[in-house]
Amino acid sequence: MSAPFLAGVIAGYGVAVPVGAIGVLIAGLSARTSLRVGAAAGMGAATADGIYALIAVVGGAAVAGLVAPIATPLRWAAAAVLLGLAVLTARSAFRKPGTARPERPATPLRAFTGVLALTLLNPATVIYFAALVLGRSGEGGGAWFVIGAFLASASWQLLIAGGGSLIGRLLTGERGRMITALVSAAVIAILAIHLLH
């Protein structure tokens, strides 16, 4: 149990720690809404990582081979969704509280499902996990590997959500909200464009 679990933990941190568009989105959600919403978004990302780890353990090379031909269209779709989020986030920076048309409030369930779906658009994650499983001669450790990967990803995503929430509390004024929304939108847009290269 301990070796496959440890391999999963290392793999989970390996895929989660580089802060990309999803990490920025999670931190931004926490800063603008609440820790509950940000934590739910983080769990959406961790769930996607766990799903991809499971797919890699079960399917290994076959799944990586199936995903590789559609990696480019999936990357384009992910970039388009991220650019849309960047535009919406930037627009929210210029709305005065109470003057904008009412929007559906961010809820933990919406944050979880949205980030889960967006994270699942990243085919590189399943290829990453498949490569790790295949690198161990196909002995990925089964369920313990998947559990380790999920828990590592979840702990990192929750740390990002907590950081975003702390920053959000420090920047609660109108100007602080505008600055964090614009910075978040710019970073998400840059990361979306980077996906296309």
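Along each chain, numbering runs from 1 in the same order as the chain's sequence is written. Thresholds applied to this predicted model are a pLDDT of at least 70 for local features of residues and 80 or more for the giving and counting of side-chain atom pairs; totals over whole chains, interfaces and linings are not thresholded and use all residues. Side-chain measures here rest on the full set of heavy atoms in the structure, leaving out hydrogens and waters.

Can you tell me about the overall build of the protein, naming the residues and giving the values?
Helical segments are the DSSP runs of H or I of at least four residues, strand segments are the runs of E of at least two, and each set is numbered from the N terminus. Looking only at helices and strands, the protein features nine helices and zero strands. For the protein, the sequential pattern of α-helices and β-strands runs α-α-α-α-α-α-α-α-α. Residue exposure (1.4 Å probe, protein chains only): buried if accessible area is under 20% of the type maximum, exposed if over 50%, otherwise partly exposed. When each of the 197 residues of the protein is scored for burial, the buried share is 38%. In the protein, the share of contacts with a sequence separation of at least 24, taken over all contacts with a separation of at least 6, comes to 90%. Using a 1.4 Å probe, the Shrake-Rupley method yields the accessible areas, and only the shown protein chains count as cover for residues. With an accessible surface of roughly 10,100 Å², the protein has 73% of that area assigned to carbon and sulfur atoms. Whether two residues touch is decided by their heavy atoms; if any such pair falls within 4.5 Å, the residues are in contact.

Can you explain the side chain of Ser-165? Please cite residues and give values.
Along the chain, the position of Ser-165 falls in helix 8 (residues 143-170). Using a relative accessible area of 6% as the deciding quantity, one classes Ser-165 as buried. When neighbours within four sequence positions are excluded, Ser-165 is seen to be in contact with Ser-30, Ala-31 and Leu-35.

Run through the nonpolar core, naming residues and quoting values.
Core analysis: the biggest nonpolar cluster contains 13 residues, and Ile-22, Ile-26, Leu-29, Ala-41, Ala-111 and Val-115 have the highest contact counts within it. Listed by contribution, the elements that provide at least two residues to this core are helix 2 (21-32), helix 3 (35-59), helix 6 (108-120) and helix 8. In contact with Leu-29, not counting residues within four places along its chain, are Ser-34, Val-37, Ala-41 and Ala-111. To qualify as a nonpolar core, a set must consist of buried Ala, Val, Leu, Ile, Met, Phe, Trp, Tyr and Cys residues joined through side-chain atoms within 4.5 Å.

Break down the UniProt feature "transmembrane region" (unreviewed entry) in the protein for me, citing the residues and quoting the values.
UniProt positions are given in the numbering used here, feature names are shortened, and annotations may be inferred rather than shown by experiment. Under the local residue numbering, the UniProt record ascribes the feature "transmembrane region" (unreviewed entry) to residues 6-29, 50-70, 76-94, 115-135, 141-167 and 179-196. Along residues 6-29 the backbone is 83% helical and 0% strand, and the end-to-end C-alpha distance reaches 30 Å.

Give me the confidence of the model for the protein: which residues, what numbers.
Mean pLDDT over the protein works out to 78, with 73% of the residues at or above the 70 mark. Each residue carries a pLDDT score, the predictor's own confidence in it, on a scale running from 0 to 100. The weakest mean pLDDT in the protein belongs to helix 4 (residues 61-67) at 64; the strongest belongs to helix 6 at 92.

How would you sum up the packing of helix 3 against helix 6? Please name residues and give values.
For every element, the axis is a line fit to its C-alpha atoms; helices are fit only across the contacting stretch, and the angle between N-to-C directions ranges from 0 to 180 degrees. Relative to each other, helix 3 and helix 6 sit at 35°, their axes nearing to 7 Å. The element helix 3 and its partner helix 6 pack so that their crossing is right-handed. For the pair helix 3 and helix 6, the contacting residues are Arg-36, Val-37, Ala-40, Ala-41, Met-43, Gly-44, Ala-45, Thr-47, Ala-48, Asp-49, Ile-51 and Tyr-52 in the first and Pro-108, Ala-111, Phe-112, Val-115, Leu-116, Thr-119 and Leu-120 in the second. For this classification, the nonpolar set comprises Ala, Val, Leu, Ile, Met, Phe, Trp, Tyr, Cys and Pro, the charged set comprises Asp, Glu, Lys and Arg, and every other residue, Gly included, is treated as polar. Split by residue class, the contact of helix 3 with helix 6 holds 14 nonpolar, three polar and two charged. Two helices that cross are described as forming a left-handed crossing if the nearer one is turned anticlockwise from the farther one by less than a right angle, and a right-handed crossing if clockwise.

Describe the environment of Ala-130, and please don't skip the residues or the numbers.
Here Ala-130 is to be found in helix 7 (residues 124-135). Since its relative accessible area comes to 0%, Ala-130 is described here as buried. A C-alpha to C-alpha distance of 9.4 Å links Ala-130 and Leu-54, two positions 76 residues apart in sequence.

Quick rundown of the side chain of Thr-119? Include the residues and the values.
For Thr-119, the position within the fold is in helix 6. Residue classification places Thr-119 among the buried residues on the basis of a relative accessible area of 8%. The residues touching Thr-119, leaving out its near neighbours within four places in the chain, are Ile-22, Ala-45, Ala-48, Asp-49 and Tyr-52.

Quick one: what's the story with a nonpolar patch on the surface, residue by residue and with numbers?
A surface patch of nonpolar side chains, about 260 Å² in accessible area, is lined by Trp-144, Ile-147 and Leu-151. For Trp-144, the position within the fold is in helix 8. The class of Trp-144 is partly exposed, set by a relative accessible area of 37%. Exposure above 30% relative accessible area and the lack of any salt bridge qualify a residue for a patch; like charges then connect within 9 Å, and the nonpolar side chains Val, Leu, Ile, Met, Phe, Trp and Tyr within 5 Å. Any carboxyl oxygen of Asp or Glu that lies within 4 Å of a side-chain nitrogen of Lys or Arg is treated as forming a salt bridge with it.

Outline helix 6, listing residues and values.
How far a helix is expected to stretch is found by multiplying one less than its residue total by 1.5 Å. Taking 1.5 Å of rise per residue, 13 residues should cover 18 Å, and helix 6 covers 18 Å from first to last C-alpha, within 8% of that figure. The complete set of buried residues in helix 6 reads Ala-111, Val-115, Leu-116, Leu-118 and Thr-119.

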